[in-house]
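# Working through the structure, step by step
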Amino acid sequence: MDALPYTTEVRPDTGLTNPKLGIWLFLASEVMLFGSLFSAYALLRTGAPFWPDQSATLSVPLATLNTVILISSSVTMVMAWAGAASGKLSRYRLFMGLTLLGGALFLVVKAIEYSEKFSHGLYPSTNNFLALYFTLTGLHAIHVIAGMVVNAYLLGPGTRMWTRDHLRFTNRVEIAGIYWHFVDVVWIFLFPVLYLL
Amino acid sequence: MSAPVPTTHAINVRPYLIVFGTLLTLTLVTVAVASLNLSESTTVLVAVSIATIKASLVAVFFMHLRGEKPMVFWPLGLTAVLFAALFAFLLWTEGDHLFGTKFSDAFGSAPKAAPVEGGH
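Given the structure is predicted, the values throughout are model-derived calculations rather than measurements. (Residues numbered from 1 in each chain as written. Chains lettered and ligands numbered in written order. Predicted model: local features only at pLDDT ≥ 70, side-chain atom pairs only at ≥ 80, totals over all residues. Heavy atoms only, no water.)

## Brief notes about the environment of Pro75 of chain B
In plain terms, the rule: Each helix is a run of DSSP H or I of at least 4 residues and each strand a run of E of at least 2, with the numbering of both proceeding from the N terminus. A 1.4 Å probe rolled over the protein chains alone gives each residue an accessible area, and that area as a share of the maximum for its type sets the label: buried under 20%, exposed over 50%, partly exposed in between.
Positionally, Pro75 of chain B belongs in helix α3 (residues 70–94). By relative accessible area, which is 14% here, Pro75 of chain B ends up buried.

Here it is as structure tokens:
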């Protein structure tokens, strides 16, 4: 038996490969992590006598741009997986590269946003809303960076597995993709909650 | 050991592109609705509903939940219950004043027209 069993063949008792079940269990814990912060936001906002006008405090155009970037990187990620699954290495490399580019662009826009806030004297210590804004978007940005590290590995040294064990490589791309799409899902909720309401 | 699985197979990417277009459209709809200055409760309802639809599309198509094995849905179902419990607690404690937020500037200064709250 391999050191890591059931990486490509389905485990009979779960009906899944171990990495597939593992990533979903991990994401379940991530839902609760972000869920606790979302509920803290709702509790503090509903309990506050006054709350900052969010759409006037933050940049809606920049956040909309970031939403488009992250959604685009999600579709390039699934296209990268499709390229890997169909055995087209150049297609896989193109779309995985575009996914990495999307993640980098997202972080650049986020850095511009942060620097704008700091230049106007708006810090996490300014009020509860900004404390939650920086905590939620900062935690999300860390998740984007983590996803980019995994994707960069799969685009670089990780592709050695392409010829050695192609099915396992494709599964790795799918698992990394599931994580990347989760990061997109979190932003899909952060965008209206922090910028539009 | 199960039967050998073919290592490559053709993938139909058309559904992914359709979902992509739908997600972009729903993003623009969210921004447009938020700019209409509807009541706070209506804006929250519409924005969260659209976000839920978008997240579901990503989960079902991009994350391949469509046609996934039942074992995946057990931990997700438990997570959904616990997530709902977080917000049920919120409704229990704050349910009588969920909406009607009085807005201030970024530094928390109260609007001039707003009544001044008394001390508790």
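There is more to say, and it comes next.
## Description of the pattern of salt bridges
Note the cut-off: Only one rule defines a salt bridge in this text: a Lys or Arg side-chain nitrogen within 4 Å of an Asp or Glu carboxyl oxygen.
On inspection of all chains with the given rule, the structure shows five salt bridges over all chains. When the shortest N-O distance is used, the salt bridge between Lys20 of chain A and Glu68 of chain B registers 2.8 Å. Taken as a pair, Lys20 of chain A in helix α1 (residues 18–47) and Glu68 of chain B in the loop between α2 (40–62) and α3 lie in two separate chains rather than in one. Summarising the burial analysis for this pair, Lys20 of chain A and Glu68 of chain B share the class buried. The network of salt bridges with common partners includes Lys20 and Glu174 of chain A together with Glu68 of chain B.

## So, the nonpolar core
The test is simple: For this analysis, a nonpolar core means a set of buried residues of the types Ala, Val, Leu, Ile, Met, Phe, Trp, Tyr and Cys, connected via side-chain atoms within 4.5 Å.
Of all hydrophobic cores here, the largest spans 82 residues; its most connected members are Tyr92, Tyr133, Leu194 and Tyr195 of chain A together with Met63 of chain B. Top element by residues in this core is helix α7 (residues 166–196) of chain A. It accounts for 19 residues.

## Section: the layout of surface pockets
Here is the rule: Cavity: a set of points on a 1 Å grid over the protein atoms alone where a 1.4 Å probe fits but cannot get out. Pocket: an open set with protein on both sides within 12 Å along at least five of seven lines, its lining residues, like those of a cavity, having an atom within 4 Å of a point. Grid points are joined across faces, edges and corners, and a volume is the space filled by probe spheres set on the points. Each residue is assigned to one of three groups, with Ala, Val, Leu, Ile, Met, Phe, Trp, Tyr, Cys and Pro labelled nonpolar, Asp, Glu, Lys and Arg labelled charged, and all others, Gly among them, labelled polar.
The calculated volume of the largest pocket comes to roughly 1,200 Å³. If you trace the largest pocket, you find 36 residues lining it, with Phe189 of chain A together with Val48, Thr52, Phe83 and Phe87 of chain B closest to the centre. Only α1 and α7 of chain A together with α2 and α3 of chain B provide two or more residues apiece to the lining of the largest pocket. Ranked by residues supplied to the lining of the largest pocket, first place goes to α1 of chain A with 10 residues. Grouping the amino acids of the lining of the largest pocket by side-chain chemistry returns 28 nonpolar, six polar and two charged.

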